[in-house]
Amino acid sequence: YNCPNQAASVSLTLLSRTIKGNFNILGTNNNELILIPWFSITGLPNRTVNINGNLNIQGNSVVSVAHSDGPEEEYFLNVGGNLVMGGTSLSLFTGTFINSKPVKVSVAGHIQHTAGTIGVSSSVVNETTDLYVIELNGTSNQNISTVTGSFDNAGNQVTLRMNNSAGATLMNSLQVGRIDFSSANKGVLSTGSNILYVANAAPNSVSSKVVNSPSATGYVNGIVRRRTSSTEPFVLPTGAASGYRPVTLIPSSTTTTTFQATHFNTGYSDLSVASPLEGVTPDYYWTIDRISGTADAAVQLSVPGQVTGSQADYALVIAKYNGIDWVNEKGSTGLSVSPGDASSGTLRSQVQTSFSPFTIGYALASALPTHLVSFTGRKAAKETIELKWQITDNSTPERFEVTRSSDGVNFVKIGSVAGAEYVRSYGFTDNSILAGNNYYRLRMLDKDGAVTFSTIVVVSNGAQGVYLNSVTPSVVQGRTRLNIQSSENTSMQLMVTDINGRIVHKQSISLSNGSQDVWLDVSRFSSGVFQVTGFVKGVKTATLRFIKL
């Protein structure tokens, strides 16, 4: 096709056609050439075009794979050879009337992008369906080179789909909207020193999975970068020759932020550790970086097999390299795995404000920082408030500082309780309580120097009401604990709703005067973001949010 005097948009009637050799598009005078048009006629052949050879676009060619302004249809362009793009633009779709059926370009050879742009002209957005798909479906390793570094559009709606068990290699860094490994053949995408950037920031609860179905046979071997603007957990599908080794990040704010991760199938150059760590694995590590934005995030890793050097009396934790030593990053909100010779499990760090190399470390279970099991308070006789708390068996507290606030923001120390070996229950009595609400928080100092804070407990003095104080943990797999403060003996109706406002659980509880903990079983919930709201006598008290993994 070579039309140097083309003066308007032209549609080719290639429906259900096969071009047995190469298809060369050499010039359209920068006017659109539509390969698969839409017709307002029923009974037409299916909207599939097969090119057995190469699709070669050059010169001042402007090419659209499909165009539609009418009822939705699916459009498929199958290229058996290479896709060579050296023209002005290649758009998967133009038009307005598409919102749930895809346009898919399948390529069996290499993608060689030397000039112009590859993307989508349409501004239609759909976060539940992959509308615009570039699929790699060869039988030998495919190369992707791109002069612009992008197969995407303004709405970050273009999906790169792996469907080649022989894999593919990035010759340049590449931005796409989504990455999909849901096809039967999957395949590993190797980046080398280049970067795969997944730019769609939609949360997983409302998308078709921005990173869809990575697994042991489908992941990114190299550098993965991903944008987020949600507090939902999201996956960076990293791996190496050893297999799929993903990183899950759990942001603490909705600030748009871009994170990056790489897995290395070798130990870090420096294996020195700081107490209480006894060692770190010499077999692998990850680098995790915050490229842009300001959101902090917890890091979550899976144990990929028994950790070299660890033993049964140890516990596994996430370790972070601080430039000198590897340090324990479990904190009071993270997850560890016991026994230390376990070959599977989920590890989570405390929220990270800075990022660097991470790996799996191990420490004596008895040496991990103090972890709070419960913290409650109640108003007692003679204008006093009694506080009680319990810690885990493997905690090693040095002391607890009791702090109080009248507004829940500004806390001052009002007392201290010494920690003791093998003591798991502690208490403190406040004999000079404030009028109204008294907010309490523990500052817990561990023997290894770690400092963590408890959740806030509210106890009323003369102020009537019921308070839904906290949900701990806020990222949960099985059960989570609600702390509730009541100024009277009453009952509360708990209602859990999903991100769309649908009721998924109801629970009635009895409350007594004071602070109490109530357990909420969410193990049967699907993954996503949920809200729990308390109602007393039909009146809403508060709503708290948690994430089910």
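As the structure is a computational prediction, the values presented were derived from the model and not from experiment.

(A) Summary view of the layout of surface pockets. For the second largest pocket, the calculated volume is near 650 Å³. In terms of lining, the second largest pocket is formed by 32 residues, of which the most central are N204, K209, S527, G528 and K548. Mapped by element, the contributors of at least two residues to the lining of the second largest pocket are β23 (234–236), β30 (297–302), β49 (528–536) and β50 (539–548). Here the residues of the lining of the second largest pocket are counted per class, giving 15 nonpolar, eleven polar and six charged.

(B) Looking closely at the pairing of strand β31 (residues 314–321). Most of β31 sits out of view: eight of its eight residues are buried. Two strands pair when backbone bridges link them, and β31 and strand β34 (residues 357–364) are joined in this way by seven bridges, in the antiparallel orientation. If you follow I318 over to β34, its bridge partner there is I360. The sheet contact formed by β31 and strand β32 (residues 326–328) spans three bridges and is antiparallel. Bridged to K320 within β32 is V327. In textbook terms, the turn of a hairpin is the stretch between consecutive antiparallel strands, and for β31 and β32 this stretch comprises four residues, one of which, G323, has a positive phi near 100 degrees.

(C) Representation of the nonpolar core in the model. By size, the foremost hydrophobic cluster in this structure holds 77 residues, and its most contacted members are L35, L55, L77, L160, I179, L249 and I288. Not counting residues up to four positions away in its chain, the partners in contact with L249 are E232, P233, F234, L236, F259, I288, A297, A298 and V299. Counting 20 residues, the second-largest nonpolar core is a separate cluster that includes V476, L520, F530 and F546.

(D) Expanded view of the side chain of S122. With respect to the helices, strands and loops of the structure, S122 is situated in the loop between β13 (117–119) and β14 (132–136). Once you skip the residues sitting within four places of it in the chain, S122 turns out to touch F93, G95, Y132 and N153.

(E) Here's a closer look at empty space enclosed by the protein. What the rule picks out here adds up to one cavity of 30 Å³ or more. Its volume calculated, the largest cavity comes out at about 40 Å³. Lining the largest cavity are A201, A202, P203, N204, R226, R227, T228, S230, E232, P233 and F234. Sort the elements by how many residues they give to the lining of the largest cavity and strand β22 (residues 220–228) lands first, with three residues. Here the residues of the lining of the largest cavity are counted per class, giving five nonpolar, three polar and three charged.

Thresholds, definitions, all that
- Residues numbered from 1 in each chain as written.
- Predicted model: local features only at pLDDT ≥ 70, side-chain atom pairs only at ≥ 80, totals over all residues.
- Heavy atoms only, no water.
- 1 Å grid on protein atoms, 1.4 Å probe; cavity = no way out; pocket = protein on both sides within 12 Å on 5 of 7 lines; lining within 4 Å.
- Points joined across faces, edges and corners; volume = space filled by probe spheres on them.
- Helix = DSSP H or I, 4+ residues; strand = E, 2+ residues; numbered from the N terminus.
- Nonpolar A, V, L, I, M, F, W, Y, C, P; charged D, E, K, R; others polar.
- Buried < 20%, exposed > 50% of the residue type's maximum accessible area, 1.4 Å probe, protein only.
- Pairing = 2+ DSSP bridges.
- Core = buried A, V, L, I, M, F, W, Y, C linked by side-chain atoms within 4.5 Å.
- Contact = heavy atoms within 4.5 Å.

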